[in-house]
Amino acid sequence: MPLRLAIRSLRRQPGFTLVAVLTLALGIGATSAIYTVVDAVLLRPLPFPDAGRLVILQERAPSFPNPISLSVLNFPDLRDRAESVERVGAWRTFTVNLTGTEDPVRLAAKMITADVLTTLRVPPLLGRAFSADDDRAGAPAVALVSEDLWRTRLGGDDDVVGRTVQLDGSPVTVVGVLPASFRLVQPADVYVPLWPWLSAQLQDRTWHPGINGLARLRDGVTLEEARREGEQIGAELERAFPDANRQMRFVATPLLDAMVQNVRTGMLLLVAAVAGVLLIACLNVAGLLLARGLARRRDVAVRTALGASRRDIGVLVFTESLVLALAGAAAGLAMAGLLVPSLMQLVGPTLPRADLVTVDGRVLAFTLALSVASAVVFGLMPAWSAARVDVREILAEGGRGQSGSRRQRRVRQTLVVVEVAMTVALLVVAGLLLRSFGRLQSVDPGFRADHLLVAGVPLSPATYPSAEVRTRAVEDLLARLGASPGVRAVAATTILPLSGTGGSFHHNLQKRPPAGPQDWILASLRAVTRTYFDTMGMPIVRGRAFGRDDRQGTEPVVIVNEAWVEQFMPGENPIGEKISLGTEYDGSLPWLTIVGVAGNVRQAPDAEPRGELYVPYEQYPDSFFERMYQNITVVLRTETPPASVAPGFRQIVRDFDADQPIVNLRTMDAVMAGAVAQPKFRTVLLGLFAAIALVLAGIGLYGVLAHGVVQRRGEFGIRLALGATPGGILGLVIGEGLRLALIGVAGGVITALLAVRLVQTMLFDVAASDAVSWLAAILSVLAAALVASWLPARRATRGGAAEALRR
């Protein structure tokens, strides 16, 4: 019965119902869309049994701001000493060429120990997992493949087990298929045993080649206990190997936390922002219902006089709120379904677990629960107010209905003040992020990004087995590309700018012999062809660039960047000085002569340039850097739009080597856009939420003032009849609106002071106290309040005293 009456009552006022439903749809839709992303990224459990006990093991030291990968020799020591975990596996990420199928392709791959799948408790979909015999030096080459690779490129037949595939030009036997749900931090298509590769590298305890440990805590062992054991084992290894392990300790991080640690803060900020929008929407609807309740006071009084109890009246009004909330949830869910794909397109592939983002049953259940909670938030106050109607007082008023309006008007004014306060906080945060993002986009990356086309061209070690063969192949490919139409210059590098800092390598200055490991210095290393600096538009600020004579067999040379000079030779001229790559200082490693200083290039838009070393690709293909030299990226500076050169690029590479995959063929502008995808994602959404909040707050203020004008029309008529001017009435109403807005602004400033603490670490070159952002937020709210106040004020003065008294 209450449900039927509620629906019938709402249908009689379609305008009110539509406004309330749309207001709720904005709040619930935005919240459901953000929940869809947050649920997939942060909340959804990993697809492993008892996944909460899985941890990643890494090393940390005071000299590194974040944990780093395990040393090649520390890993086996940690594995043998750790007792708080069941076993210690390990993995290392790399990439591999798959050939012999329809088209050559570069695949994400991982080297894993045999203990990894056992630790994760994941059985293969087909075939078997790695055994101890597979995971040893000299074992036959075997691989596990993902379900996606099996279905899309390997035919999807059960006889894939035992089939031989070509990985980097070498035959490898497929022994199993892993289920589609399996991923180890990042998704991969191919898994091969780690120890055959690792056993050949066990020579330098200071080398950290991207190996991460994986373990499952024993039953009854807490994360803190495992971390204390890591500290203890680190101290033991420091005493045993003081030179290599100075202040090095082991740290355990929950697997899910490690996967999402770079996006968690941003996600939580969006949750807080969208919760604010939803609360503003609920307060708005609560104000609408209170205003509607004033208009229905006589109807409620009549119902009560005819025998309806206060409980009946309260249930009826709350049922109306619930109907509105469910209708808003239905519209909001449809809005979320449209919004989520746009969100994922905005953030791109940089979001971990992005493939899990979908509007599913979990989102539906959340939206339904959210609608009920919203109904409670905005419906209880109107229901309580309606149930407390004084029947005799209302019937005695004979329709004037004024006596209860002041109390309810104060309640509605309070709701609007809260809305304005929350809007100010959202606008301040959005303004700070917008200013930060603007500074981020205007940062000079250190090169000219226009008219650049880039693509990975990873060389197979089977096809190009030696440094000489590889160097000739790169020169041949670059010559072909350089002669193609529309290409002005071409070069190659082992690490592209804005792709991360790359590997950091120990090196030493000849003029400053290290007294011990504490004196080893680190810098990022890149091998580039001699045309690289000209092609990229990177300046050589001192000395010279690489030339034709910088080849294998000539004096080894190196170019450093300005940050390296500032860090290791401040105030000195580095030209002519010598450095060696590696930790040895006994003459066993070649000395490289510094011949030039390059301008700084950012490896991330929001990161300060760090020390970098450039060596000639044609000169220093040492076996220590074998894989780095195989993974090259070709850079083309074009005379025409870069996209127009892409088809010719593909054809030239195909003619050069039919089995050669091309990876991420794109413009440098796209690379730069991808580097700022997550800050852009946060900024756009916060800006959108702040705009919605501003509109809702303006509507709420308008509603309060408009209803107040209706309630006070007799007063305004008398004022006009006694000589008040329309301008005076106009100022009275506008002043009331601005008074409420200023109170809200004061509360909003206090709220914003707390809110900006959440975004301080996300700001780039903008202080949390940035005056422009704060003033823009406050002025925007006051401008919206002025507009929202002027409309009802104009209505109050329309028609003069006689018309006002008649109304």
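Residues numbered from 1 in each chain as written. Predicted model: local features only at pLDDT ≥ 70, side-chain atom pairs only at ≥ 80, totals over all residues. Heavy atoms only, no water.

## A word on the overall build of the protein chain
The number of helices and strands found in the protein chain is 25 helices and 21 strands. Evaluated residue by residue, the protein chain yields a buried proportion of 52% over its 807 residues. Of the contacts formed within the protein chain by residues at least 6 apart in sequence, a portion of 81% connects residues at least 24 apart. When the accessible surface of the protein chain is totalled, it reaches about 34,800 Å², and 57% of it is carbon and sulfur. (Helix = DSSP H or I, 4+ residues; strand = E, 2+ residues; numbered from the N terminus. Buried < 20%, exposed > 50% of the residue type's maximum accessible area, 1.4 Å probe, protein only. Contact = heavy atoms within 4.5 Å. Areas by Shrake-Rupley, 256 points an atom, 1.4 Å probe, with all protein chains shown as cover.)

## Remarks on the side chain of Arg-183
By the secondary structure assignment, Arg-183 is in the loop between β7 (170–178) and β8 (190–193). Not counting chain neighbours up to four residues away, the residues in contact with Arg-183 comprise Phe-48, Met-259, Arg-353, Asp-355 and Leu-356.

## Quick look at the environment of Val-340
Structurally, the position occupied by Val-340 is in helix α11 (residues 310–347). In this structure, the C-alpha to C-alpha distance between Val-340 and Ile-34, residues 306 residues apart in sequence, is 8.0 Å. With near-sequence residues (within four places) excluded, Val-340 lies in contact with Ala-33, Thr-36, Val-357 and Val-359.

## Topic: unusual backbone geometry
Located in the positive-phi region is Asn-664, a residue other than glycine, with phi close to 55 degrees. On the secondary structure map, Asn-664 appears in strand β21 (residues 663–667). Phi is positive for Asp-765, which is not a glycine, with a value near 60 degrees. As for its placement among the helices and strands, Asp-765 is situated in the loop between α23 (726–759) and α24 (771–797).

## Things to note about the pairing of strand β11 (residues 452–458)
Extensive coverage of β11 is indicated by the burial of seven of its seven residues. Of the two faces of β11, the one carrying Leu-452, Val-454, Gly-456 and Pro-458 and the one carrying Leu-453, Ala-455 and Val-457 are both buried. Pairing between β11 and strand β20 (residues 631–638): seven bridges, direction antiparallel. Following the sheet pairing, Gly-456 is matched in β20 by Thr-633. Pairing geometry for β11 and β21, over three bridges, is antiparallel. Of the residues in β21, the one forming a bridge with Val-454 is Arg-666. (Pairing = 2+ DSSP bridges.)

## Looking at the packing of helix α15 (residues 467–482) against helix α19 (residues 642–656)
One can describe the packing of α15 onto α19 by two numbers: an axis separation of 10 Å at closest approach and a directional angle of 145 degrees. Judged by the twist between their axes, the crossing of α15 over α19 is right-handed. Residues Ala-473, Asp-476, Leu-477, Arg-480 and Leu-481 of α15 touch α19, and the partners they reach there are Phe-649, Ile-652, Val-653, Asp-655 and Phe-656. Grouping the constituent residues of the contact of α15 with α19 by class yields seven nonpolar, no polar and three charged. (Axes fitted to C-alpha atoms, helices over the stretch in contact; angles between N-to-C directions. Left-handed = near helix turned anticlockwise from the far one by under 90°. Nonpolar A, V, L, I, M, F, W, Y, C, P; charged D, E, K, R; others polar.)

## Regarding the side chain of Arg-682
Mapped onto the elements of the fold, Arg-682 is located in helix α21 (residues 677–711). Those residues in contact with Arg-682, other than ones at most four positions away along the chain, are Gly-266, Leu-270 and Met-762.

## Re the nonpolar core
Formed by 92 residues in total, the largest nonpolar core has its most connected members in Phe-48, Leu-120, Phe-182, Leu-255, Met-267, Leu-686 and Phe-689. At 13 residues, helix α14 (residues 405–441) tops the list of elements feeding residues into this core. Discounting chain neighbours no more than four positions away, the residues touching Leu-255 are Leu-46, Phe-48, Leu-54, Val-55, Ile-56, Leu-120, Val-185 and Leu-214. (Core = buried A, V, L, I, M, F, W, Y, C linked by side-chain atoms within 4.5 Å.)

## Notes on the environment of Thr-118
Assignment of secondary structure puts Thr-118 in helix α4 (residues 115–120). For the pair Thr-118 and Arg-87, spaced 31 residues apart in sequence, the C-alpha separation works out to 9.0 Å.

## Points about a nonpolar patch on the surface
Taken together, Tyr-702, Val-787, Trp-790 and Leu-791 make up a surface patch of nonpolar side chains, about 370 Å² in accessible area. With three residues, the top contributor of residues to the nonpolar patch is α24. Inspection of the secondary structure puts Leu-791 in helix α24. (Patch = residues over 30% accessible without salt bridge, like charges linked within 9 Å, V, L, I, M, F, W, Y side chains within 5 Å. Salt bridge = Lys/Arg side-chain N within 4 Å of Asp/Glu carboxyl O.)

## Points about α23
The first and last C-alpha atoms of α23 sit 47 Å apart over 34 residues, in line with the 50 Å expected at 1.5 Å per residue. Of all bends in α23, the biggest is about 30 degrees, found at Leu-753. (Expected span 1.5 Å × (residues − 1). Bend = angle between axes of the 7 residues up to and from the residue.)

## Digging into the pattern of salt bridges
Taken as a whole and judged by the stated rule, the model has 28 salt bridges. The salt bridge partner of Asp-360 is Arg-44, with a shortest N-O separation of 3.1 Å. With Asp-360 in the loop between α11 and α12 (361–387) and Arg-44 in the loop between α2 (14–43) and β1 (54–60), this residue pair connects regions lying 316 residues apart in the sequence. The class for Asp-360 is partly exposed, based on a relative accessible area of 24%. Looking at Arg-44, the relative accessible area reads 16%, which means it is buried. Asp-134 serves as the salt-bridge partner of Arg-128, at 2.6 Å between the closest nitrogen and oxygen. In this structure Asp-134 comes out as buried when scored by relative accessible area, which is 7%. When salt bridges that share partners are traced, they join Asp-39, Arg-44, Asp-360 and Arg-362 into one network.

## Some remarks on the packing of helix α3 (residues 74–81) against helix α7 (residues 223–240)
Put simply, α3 and α7 touch, their axes get as near as 11 Å, and they point 125 degrees apart. By the criterion of interaxial angle, the relationship of α3 to α7 is oblique. Classified by chirality, the crossing of α7 by α3 is right-handed. Counted together, Asn-74, Asp-77, Leu-78 and Arg-81 of α3 and Glu-229, Ile-233, Glu-236 and Leu-237 of α7 form the full contact between these two elements. Classifying every residue of the contact of α3 with α7 by side-chain character gives three nonpolar, one polar and four charged. (Parallel < 35°, antiparallel > 145°, perpendicular 65-115°, else oblique.)

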